[in-house]
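Residues per chain, in single letters:
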Amino acid sequence: MSRRAQSDYSSGQTNQTGLHVQIVSIGGGPAGLYLAILMKKADPAHEIVVYERNKPDDTFGFGVVFSDATLEGFGAADPESQDEIVGHFAHWDDIDIHYGGEVLTSKGHGFSGLSRKTLLQILQRRAMALGVKIHFQRDVADLAEFQGVDLILAADGVNSAIRSRYAEHFKPSVIMRPNRFVWLGTTKPFPAFTFYFKHNDAGLWRVHAYQYEKDHSTFIVETSEAAWKKAGMDEATEDETIAYCEHLFAAELGPHRLIKNRSLWRSFPAIKNERWHHRNIVLMGDALHTAHYSIGSGTKLAMEDAIALADALNSSHSVEAALEAYEVARRPGVDSVQRAAQVSMEWFEETERYFGKLEPTQFAFSMLTRSLRITHSNLKRRDPEFVRRVDTWFAGKAANQSGVNVPADPPPPPMFTPFKLRALVIPNRVVVSPMCQYSAEDGTANDWQLVHLGSRALGGAGLILTEMTDVSADGRISPGCTGMYKPDHVPAWKRVVDFVHANSPAKIGIQLAHAGRKGSTKKLWEGIDQPLDSGNWPLIAASALPYKPGSQTPREMTRADMDRVRDDFVRATTMADQAGFDLIELHCAHGYLLASFLSPLTNRRADEYGGSVENRLRYPLEVFDAIRAVWPAAKPISVRISATDWKDGGNTGDDAVAIARAFKAHGCDIVDVSAGQTVPDDAPVYGRLFQTPFADRVRHEAGIPTMTVGAISSWADVNSILAAGRADLCVLARAHLYDPYWTRHAAYEQGYELPWPPQYVSARSFTPRGA
């Protein structure tokens, strides 16, 4: 350690309270200062020095914002600084959304703002009072001078030099997002967290504004790169930016002015790191992660990093153990916030998708629930009147769309409104997902399918979809898969259909498919995707590519193969009508035969069926046209697609929109939007409702109704998806395996009653109780 650095420390040792550590923080922002406070508070013997490149009263930006829930955590960690912070707060409960000539207000949200400069000064004073040494105007270029220090905090911000210096160890991901934004201030004291959406000849502009102290507010202006360039902001000075924004928002600002503070147009950097520490260097705050300002969590994350790291240091036997414990404990929470921030950010990046298309009530609800952290249910607890307005609006739309009378006082939850496709009226928006059961004999449905599907119909779902049902024996995944290719299959399926129709208001559809290169394998529980030990049948696919190493290699389909398979789909469609099904779903997802034509990962053909997305669509559309021609005009057809292959070189969201538009043009009524399972080495980004954004995009950009599927487990999520216009139907799989009566139980929990079969009428008076 250099002489200058050495003078700040004595030798490290272990005292009776645990680790006695020497800590250097490179960066004097909230992360470094708050960690210094918490460690000094825990043990004054800790030796802590903070190096900050700026002056003590410098700050860039304007205000910071915290939710009420966040403040409770800070109060428990350090009440002294918390009390001073709260004393400077501007507090509000409302969110105001200015859209379409209306101001839509939602109450009960609980936020507080304060000046970033004030926050830093509070933390600086508290840290120095505890004995922390702070060196201002010190830009640390080399960590060599801190050799021998126990712990170095890399709290040096978004453009972290330490993260860059040790990038091979931290393995950062820094993605510059497409929208442009500028951080401004204003003298207008906003009474609520305020959002403006305004269009001019350059494009759509969004404003995020909130008060952080008396007569001062943050005013963030965001727009697309195209609008930013068209407006000339790519060449604007700070003063020119101020002038442009003051003119654009003159009506909103009134007599108030905008304020600059290094107010340069930027792209938001989405930052993650694969590793959080290297040797004794640990990343914190914006150097470690960012969260989009639309959920106001950057400072919150930094201070919560400090709490977690302090807890780990104070309960570990070594610094290395503490850093490991810190990452294990903290990463799930950070990941959760970043997932919420990601979808919130994407909503603002894609606001053009909704602007002018969603009515004000739905637009406001969509914006409020954009991060998926606020749902229909908890928004109802915060602001029941606003949610009642949303539900009433949604009920009216459902009544008009379906032609069915829907009560408006009180309105039903969105999930219990009807939806019409052609002449088919589905009584509610819950769909039982196709789930392979591998329990048929030579394709024939039996008692298992009767009970499996019949119980879900009695359980209240509006639409029941059969498992993937194959159009030929050699189109099955396994010997246990159901089919629709033998005369015996029609009465077997009709038995199931008749039961559903006779004993419930539910409608029932059949998913027709051909397994392609993923066929001739064992049942799920015997070895998923593993070829049969004996009795394998030849496979066909768009191209002669095995699904995975060890899989059977399919034959590339000839024109004669295409004719045969198309005719198999036509035969199965005719049989499905004879069995009484209400709807057909054509399976063009998950790497099965028709999907293998759609994806460039599985379609390597050099003829007119390969290459461009238009060519790759050619055969699936041929099959669709053939089944549409024989399926009754009054009955709808759904198509399931994989909206992304989750793999470089595969289909993306852009392709999903193009594919959906093509099927719509050929008469498809609704698209069931799934994702992935095209190749075995895909890399899905899992999380709650992880596929819903694809359904949202397809619905709005292709202009076709959608079903969404994937990690939907709560009725609150279903209501949120529907009311926000992200999809028209919600498809649940595992939830229905766990609870066949999922929909009926969801109704009970919301105080809504579904009709009971007469055999179960006595259940109406039953009140379930917990343990």
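Structure's up top.
Residues numbered from 1 in each chain as written. Predicted model: local features only at pLDDT ≥ 70, side-chain atom pairs only at ≥ 80, totals over all residues. Heavy atoms only, no water.

### Examining the sheet that holds strand S24 (residues 507–513)
Thought 1: The eight strands are arranged S22-S23-S24-S27-S28-S29-S30-S31 in a closed barrel whose pairing can be described as parallel. For this sheet the average axis-to-axis angle between neighbouring strands, irrespective of direction, equals 25°.
Thought 2: Sheet topology note: the strand S30 (residues 706–709)/strand S31 (residues 729–732) ladder contains three bridges and is parallel. In the sheet register, methionine 707 faces S31, and the bridge partner there is leucine 729. (Pairing = 2+ DSSP bridges. Helix = DSSP H or I, 4+ residues; strand = E, 2+ residues; numbered from the N terminus. Axes fitted to C-alpha atoms, helices over the stretch in contact; angles between N-to-C directions.)

### What about helix H11 (residues 298–314)?
Thought 1: Counted at 1.5 Å a residue, the expected span for H11 with its 17 residues is 24 Å, and the 25 Å between its end C-alpha atoms agrees.
Thought 2: The buried count for H11 comes to 14 of 17 residues, which makes it a mostly enclosed element. (Expected span 1.5 Å × (residues − 1). Buried < 20%, exposed > 50% of the residue type's maximum accessible area, 1.4 Å probe, protein only.)

### Considerations on the packing of helix H2 (residues 30–42) against H11
Thought 1: Viewed as axis vectors pointing N to C, H2 and H11 meet at an angle of 30°, and their least axial separation amounts to 8 Å. When the interaxial angle is binned, H2 and H11 end up roughly parallel. Every pair of crossing elements has a handedness; the one defined by H2 and H11 is right-handed. Residues Pro30, Ala31, Tyr34, Leu35, Leu38, Met39 and Ala42 of H2 pack against Thr299, Ala302, Met303, Ala306, Ile307, Leu309, Ala310, Leu313 and Asn314 of H11.
Thought 2: Taken together, the residues of the contact of H2 with H11 break down into 14 nonpolar, two polar and no charged. (Parallel < 35°, antiparallel > 145°, perpendicular 65-115°, else oblique. Left-handed = near helix turned anticlockwise from the far one by under 90°. Contact = heavy atoms within 4.5 Å. Nonpolar A, V, L, I, M, F, W, Y, C, P; charged D, E, K, R; others polar.)

### Let's talk about a nonpolar patch on the surface
Thought 1: Judged by side-chain polarity, Leu524, Trp525 and Ile528 come together as a nonpolar surface patch covering roughly 350 Å² of accessible area.
Thought 2: Counting through the fold element by element, leucine 524 comes out in helix H18 (residues 524–527).
Thought 3: Owing to a relative accessible area of 45%, leucine 524 belongs among the partly exposed residues under this scheme. (Patch = residues over 30% accessible without salt bridge, like charges linked within 9 Å, V, L, I, M, F, W, Y side chains within 5 Å. Areas by Shrake-Rupley, 256 points an atom, 1.4 Å probe, with all protein chains shown as cover. Salt bridge = Lys/Arg side-chain N within 4 Å of Asp/Glu carboxyl O.)

### Details of the nonpolar core
Thought 1: Met484, Trp493, Phe569, Phe581, Leu586, Tyr619 and Phe663 are the most contacted members of the largest nonpolar core, which totals 88 residues.
Thought 2: For this core, the element with the highest residue contribution is helix H21 (residues 613–630), accounting for seven residues.
Thought 3: Residues in contact with leucine 586, not counting those within four places in the same chain, are Leu512, Phe569, Leu594, Pro620, Val623, Phe624, Ile627, Ser638, Val639 and Arg640.
Thought 4: Residues Tyr34, Ile85, Leu123 and Val334 belong to the second largest nonpolar core, which totals 68 residues. (Core = buried A, V, L, I, M, F, W, Y, C linked by side-chain atoms within 4.5 Å.)

### Let's talk about the side chain of aspartate 383
Thought 1: Structurally, aspartate 383 can be placed in the loop between helix H14 (376–382) and helix H15 (384–402).
Thought 2: Here lysine 107 takes part through its backbone nitrogen, which lies 2.6 Å from a polar atom of the side chain of aspartate 383.
Thought 3: Apart from residues lying up to four places away in sequence, aspartate 383 is in contact with Thr105, Ser106 and Lys107. (Polar contact = N/O pair within 3.5 Å; in protein donor to acceptor, adjacent residues only side chain to side chain.)

These figures capture arrangement, not role.
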